[in-house]
Amino acid sequence: MVIASGFIEANDLNDVDGIVSNLKVKDIEVNEINADKIVFLIERETMKQIKTDIAPLRNIEGVRNVHVAYYSIEGADEEDNGRMPS
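A. Summary view of the sheet that holds strand S1 (residues 2-10). Here we have 4 strands laid out as an open sheet, ordered S2-S3-S1-S4, and antiparallel in their pairing. Each edge of the open sheet is held by one strand with a lone partner, namely strand S2 (29-34) and strand S4 (63-73). Neighbour-to-neighbour, the strand axes of this sheet turn through a mean angle of 20°, independent of strand direction. Relative to S4, S1 runs antiparallel, the two sharing 9 bridges. Across the sheet, Ile8 pairs through a bridge with Val66, a residue of S4. Where helix H2 (residues 47-54) meets the sheet, its contacts fall on S1, strand S3 (37-44) and S4, and the angle it forms with S3 comes to roughly 145°.

See below:
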């Protein structure tokens, strides 16, 4: 499982509700709204799915920019005989 978090900048405060609705339809969790910034969390099976689902967010009406601040891959921090998994 891959988890990514970031935020979306809206062009205007009036665009926030529409953007949030779009995210929920795409099964992207909204964690916080702070003025024109929408903090999101997305969980998918692969990094490719994360990239595929995040890229079109820039095309939602009212979106100025999309920023990914963090991502985590399940098991990436576990050791296997002293080596990190590849």
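B. Spatial organisation of the pairing of S2. Here 5 bridges tie S2 to S3, and the two strands are oriented antiparallel to one another. The residue bridging Val30 from the neighbouring strand is Phe40, located in S3.

C. Representation of the pattern of salt bridges in the model. Using the criterion set out here, one finds 4 salt bridges in the structure. Salt-bridge contacts for Lys37 lead to Asp36; the nearest nitrogen and oxygen are separated by 3.5 Å. With a relative accessible area of 17%, Asp36 lands in the buried category. Where Arg44 meets Asp53, a salt bridge forms, and the shortest distance between an N and an O atom there is 2.5 Å. Several salt bridges converge on common partners, so that one network encompasses Glu9, Asp36, Lys37 and Arg64.

D. Examining helix H1 (residues 16-25) more closely. Regarding H1, the residues found buried are Val16, Ile19, Val20 and Leu23. Buried residues along H1 cover an arc of 100° about the axis, so they all sit on one side. Of the exposed residues in H1, those oriented more than 90 degrees away from the buried face are Asp17 and Val25. For H1, the secondary structure elements touched by its buried residues are S1, S2, S3 and S4. Positive backbone phi, approximately 60°, marks Asp27, located one or two places after H1.

E. Here's a closer look at the side chain of Asp36. For Asp36, the location among the structural elements is in the loop between S2 and S3. Here the side chain of Asp36 touches Arg64 through a polar contact of 3.4 Å, side chain to side chain. Excluding its chain neighbours within four sequence positions, the residues that come into contact with Asp36 are Ile8, Glu9, Ala10, Leu13, Val16 and Arg64.

Thresholds, definitions, all that
Residues numbered from 1 in each chain as written. Predicted model: local features only at pLDDT ≥ 70, side-chain atom pairs only at ≥ 80, totals over all residues. Heavy atoms only, no water. Pairing = 2+ DSSP bridges. Helix = DSSP H or I, 4+ residues; strand = E, 2+ residues; numbered from the N terminus. Axes fitted to C-alpha atoms, helices over the stretch in contact; angles between N-to-C directions. Contact = heavy atoms within 4.5 Å. Salt bridge = Lys/Arg side-chain N within 4 Å of Asp/Glu carboxyl O. Buried < 20%, exposed > 50% of the residue type's maximum accessible area, 1.4 Å probe, protein only. Arc of directions from axis to C-beta. Polar contact = N/O pair within 3.5 Å; in protein donor to acceptor, adjacent residues only side chain to side chain.

Scope: geometric values only; no functional claims are made or implied.
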